[in-house]
Amino acid sequence: DLERANAVLAEEGKGLKERLNEMKVASLRHERKISLLQKERDGLKRIIASYDDEELSLNPQTEGADQQQQHASSVVRVKELEDMLAQEKSHVVTLESELQTSMKKSEELLMQNESFRKRASEINSNLSSIKSEKELISRELNAAV
(Lines give C-alpha, C1' and ligand atoms only; values in the text may rest on other atoms or scores of the structure.)
Protein backbone atom coordinates (compact mmCIF):
# COMPACT_ATOMS: atom_id res chain seq x y z
CA ASP A 1 0.00 0.00 0.00
CA LEU A 2 2.80 2.43 0.84
CA GLU A 3 4.62 1.63 -2.37
CA ARG A 4 1.42 2.15 -4.34
CA ALA A 5 0.73 5.45 -2.54
CA ASN A 6 4.33 6.45 -3.12
CA ALA A 7 4.00 5.67 -6.83
CA VAL A 8 0.74 7.63 -7.05
CA LEU A 9 2.32 10.62 -5.31
CA ALA A 10 5.36 10.43 -7.58
CA GLU A 11 3.07 10.38 -10.61
CA GLU A 12 1.08 13.34 -9.26
CA GLY A 13 4.32 15.22 -8.61
CA LYS A 14 5.47 14.49 -12.16
CA GLY A 15 2.14 15.73 -13.54
CA LEU A 16 2.34 18.89 -11.45
CA LYS A 17 5.88 19.56 -12.66
CA GLU A 18 4.74 19.16 -16.26
CA ARG A 19 1.78 21.50 -15.67
CA LEU A 20 4.13 23.96 -13.98
CA ASN A 21 6.43 23.95 -17.00
CA GLU A 22 3.46 24.39 -19.35
CA MET A 23 2.24 27.35 -17.30
CA LYS A 24 5.72 28.92 -17.34
CA VAL A 25 5.84 28.61 -21.12
CA ALA A 26 2.34 30.09 -21.42
CA SER A 27 3.30 32.93 -19.10
CA LEU A 28 6.38 33.73 -21.18
CA ARG A 29 4.29 33.60 -24.37
CA HIS A 30 1.77 36.03 -22.93
CA GLU A 31 4.47 38.37 -21.66
CA ARG A 32 5.97 38.40 -25.15
CA LYS A 33 2.55 39.14 -26.63
CA ILE A 34 2.07 42.02 -24.19
CA SER A 35 5.45 43.41 -25.14
CA LEU A 36 4.61 43.24 -28.84
CA LEU A 37 1.22 44.90 -28.28
CA GLN A 38 2.85 47.70 -26.29
CA LYS A 39 5.39 48.26 -29.05
CA GLU A 40 2.65 48.31 -31.69
CA ARG A 41 0.60 50.76 -29.62
CA ASP A 42 3.58 53.04 -29.06
CA GLY A 43 4.48 52.89 -32.75
CA LEU A 44 0.95 53.84 -33.78
CA LYS A 45 0.94 56.70 -31.29
CA ARG A 46 4.19 58.00 -32.79
CA ILE A 47 2.79 57.70 -36.31
CA ILE A 48 -0.36 59.57 -35.31
CA ALA A 49 1.68 62.26 -33.60
CA SER A 50 3.91 62.67 -36.65
CA TYR A 51 0.86 62.92 -38.94
CA ASP A 52 -0.69 65.48 -36.62
CA ASP A 53 2.55 67.50 -36.53
CA GLU A 54 2.92 67.32 -40.29
CA GLU A 55 -0.69 68.32 -40.84
CA LEU A 56 -0.40 71.29 -38.52
CA SER A 57 2.79 72.48 -40.18
CA LEU A 58 1.41 72.14 -43.72
CA ASN A 59 -2.15 73.28 -43.14
CA PRO A 60 -2.60 74.88 -39.73
CA GLN A 61 -6.14 76.12 -40.32
CA THR A 62 -8.03 73.32 -42.04
CA GLU A 63 -8.14 69.59 -41.76
CA GLY A 64 -9.62 67.46 -44.53
CA ALA A 65 -12.40 64.95 -43.98
CA ASP A 66 -10.15 62.06 -45.08
CA GLN A 67 -7.50 63.06 -42.63
CA GLN A 68 -10.04 63.32 -39.84
CA GLN A 69 -11.29 59.86 -40.71
CA GLN A 70 -7.75 58.44 -40.74
CA HIS A 71 -6.99 60.10 -37.45
CA ALA A 72 -10.20 58.72 -35.91
CA SER A 73 -9.39 55.26 -37.28
CA SER A 74 -5.89 55.42 -35.78
CA VAL A 75 -7.26 56.56 -32.44
CA VAL A 76 -9.75 53.66 -32.46
CA ARG A 77 -6.96 51.17 -33.27
CA VAL A 78 -4.81 52.54 -30.45
CA LYS A 79 -7.76 52.19 -28.07
CA GLU A 80 -8.31 48.59 -29.23
CA LEU A 81 -4.62 47.82 -28.68
CA GLU A 82 -4.71 49.34 -25.21
CA ASP A 83 -7.77 47.22 -24.36
CA MET A 84 -6.04 44.09 -25.68
CA LEU A 85 -2.97 44.97 -23.66
CA ALA A 86 -5.05 45.31 -20.49
CA GLN A 87 -6.70 41.94 -21.15
CA GLU A 88 -3.35 40.24 -21.73
CA LYS A 89 -1.92 41.76 -18.56
CA SER A 90 -4.92 40.47 -16.63
CA HIS A 91 -4.46 37.03 -18.16
CA VAL A 92 -0.76 37.00 -17.26
CA VAL A 93 -1.60 37.91 -13.66
CA THR A 94 -4.09 35.02 -13.56
CA LEU A 95 -1.55 32.59 -15.02
CA GLU A 96 1.12 33.70 -12.58
CA SER A 97 -1.31 33.19 -9.71
CA GLU A 98 -2.13 29.69 -10.95
CA LEU A 99 1.58 29.02 -11.38
CA GLN A 100 2.29 30.01 -7.78
CA THR A 101 -0.57 27.84 -6.54
CA SER A 102 0.67 24.88 -8.56
CA MET A 103 4.22 25.38 -7.33
CA LYS A 104 3.07 25.39 -3.71
CA LYS A 105 0.96 22.27 -4.24
CA SER A 106 3.86 20.57 -5.99
CA GLU A 107 6.20 21.40 -3.12
CA GLU A 108 3.67 20.12 -0.59
CA LEU A 109 3.26 16.86 -2.50
CA LEU A 110 7.01 16.42 -2.81
CA MET A 111 7.42 16.94 0.94
CA GLN A 112 4.56 14.53 1.61
CA ASN A 113 6.13 12.01 -0.77
CA GLU A 114 9.47 12.30 1.06
CA SER A 115 7.67 11.83 4.36
CA PHE A 116 5.99 8.69 3.01
CA ARG A 117 9.32 7.36 1.77
CA LYS A 118 10.90 7.86 5.19
CA ARG A 119 7.94 6.21 6.87
CA ALA A 120 8.09 3.29 4.40
CA SER A 121 11.80 2.92 5.11
CA GLU A 122 11.13 2.89 8.87
CA ILE A 123 8.38 0.30 8.42
CA ASN A 124 10.63 -1.87 6.26
CA SER A 125 13.38 -1.60 8.87
CA ASN A 126 10.94 -2.56 11.63
CA LEU A 127 9.65 -5.43 9.50
CA SER A 128 13.19 -6.70 8.99
CA SER A 129 13.93 -6.58 12.71
CA ILE A 130 10.63 -8.37 13.48
CA LYS A 131 11.47 -11.06 10.93
CA SER A 132 14.92 -11.47 12.49
CA GLU A 133 13.37 -11.77 15.95
CA LYS A 134 10.83 -14.28 14.66
CA GLU A 135 13.59 -16.34 13.08
CA LEU A 136 15.64 -16.24 16.27
CA ILE A 137 12.64 -17.30 18.38
CA SER A 138 11.85 -20.08 15.91
CA ARG A 139 15.43 -21.38 16.20
CA GLU A 140 15.29 -21.24 19.97
CA LEU A 141 11.99 -23.15 20.00
CA ASN A 142 13.35 -25.75 17.60
CA ALA A 143 16.48 -26.11 19.74
CA ALA A 144 14.38 -26.48 22.89
CA VAL A 145 12.26 -29.24 21.36
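Heads up: the structure comes first, above all this text.
Since the structure is predicted, the reported quantities are computational estimates derived from the model, not experimental observations.

J.: Tell me what's going on with the side chain of serine 27, and back it up with residues and numbers.
T.: Residue position: serine 27 is located in helix 1 (residues 2-58). Residue classification places serine 27 among the buried positions, given a relative accessible area of 7%. Excluding its chain neighbours within four sequence positions, the residues that come into contact with serine 27 are Leu95 and Glu96.

J.: Go over a negative patch on the surface, please, and point to the residues and values.
T.: On the surface, a cluster of negative charge is made up of Glu11, Glu12, Glu18 and Glu22. Note that glutamate 18 resides in helix 1.

J.: Account for the environment of serine 50, naming residues and giving values.
T.: Along the chain, serine 50 falls in helix 1. A polar atom in the side chain of serine 50 sits 2.8 Å from the backbone oxygen of isoleucine 47.

J.: Tell me what's going on with the nonpolar core, and back it up with residues and numbers.
T.: It is characteristic of soluble globular proteins that their nonpolar side chains tend to be buried jointly. One finds Ile34, Leu37, Leu81, Leu85 and Val92 forming the largest nonpolar core, which totals five residues. Elements represented by at least two residues in this core include exactly helix 1 and helix 2 (65-144). When residues of this core are assigned to their parent elements, the largest contribution, three residues, is made by helix 2. Dropping the residues within four chain positions of it, valine 92 is found in contact with His30, Glu31 and Ile34.

J.: An account of the pattern of salt bridges is needed here, citing residue identities and associated values.
T.: Taken as a whole and assessed by the stated rule, the structure comprises nine salt bridges. Close ionic contact of aspartate 42 with arginine 41 constitutes a salt bridge, the shortest N to O distance being 3.1 Å. Note that arginine 119 is salt-bridged to glutamate 122, the shortest N-O span being 3.4 Å. Here the residue arginine 119 and the residue glutamate 122 both occupy positions in helix 2, the gap between them amounting to three residues, near one helical turn. Look at arginine 119 and you get partly exposed, because its relative accessible area is 44%.

Reading the values: rules and limits
- Residues numbered from 1 in each chain as written.
- Predicted model: local features only at pLDDT ≥ 70, side-chain atom pairs only at ≥ 80, totals over all residues.
- Heavy atoms only, no water.
- Helix = DSSP H or I, 4+ residues; strand = E, 2+ residues; numbered from the N terminus.
- Buried < 20%, exposed > 50% of the residue type's maximum accessible area, 1.4 Å probe, protein only.
- Contact = heavy atoms within 4.5 Å.
- Patch = residues over 30% accessible without salt bridge, like charges linked within 9 Å, V, L, I, M, F, W, Y side chains within 5 Å.
- Areas by Shrake-Rupley, 256 points an atom, 1.4 Å probe, with all protein chains shown as cover.
- Salt bridge = Lys/Arg side-chain N within 4 Å of Asp/Glu carboxyl O.
- Lys, Arg positive; Asp, Glu negative; His and termini not counted.
- Charge placed at Lys NZ, Arg CZ, Asp CG, Glu CD.
- Polar contact = N/O pair within 3.5 Å; in protein donor to acceptor, adjacent residues only side chain to side chain.
- Core = buried A, V, L, I, M, F, W, Y, C linked by side-chain atoms within 4.5 Å.

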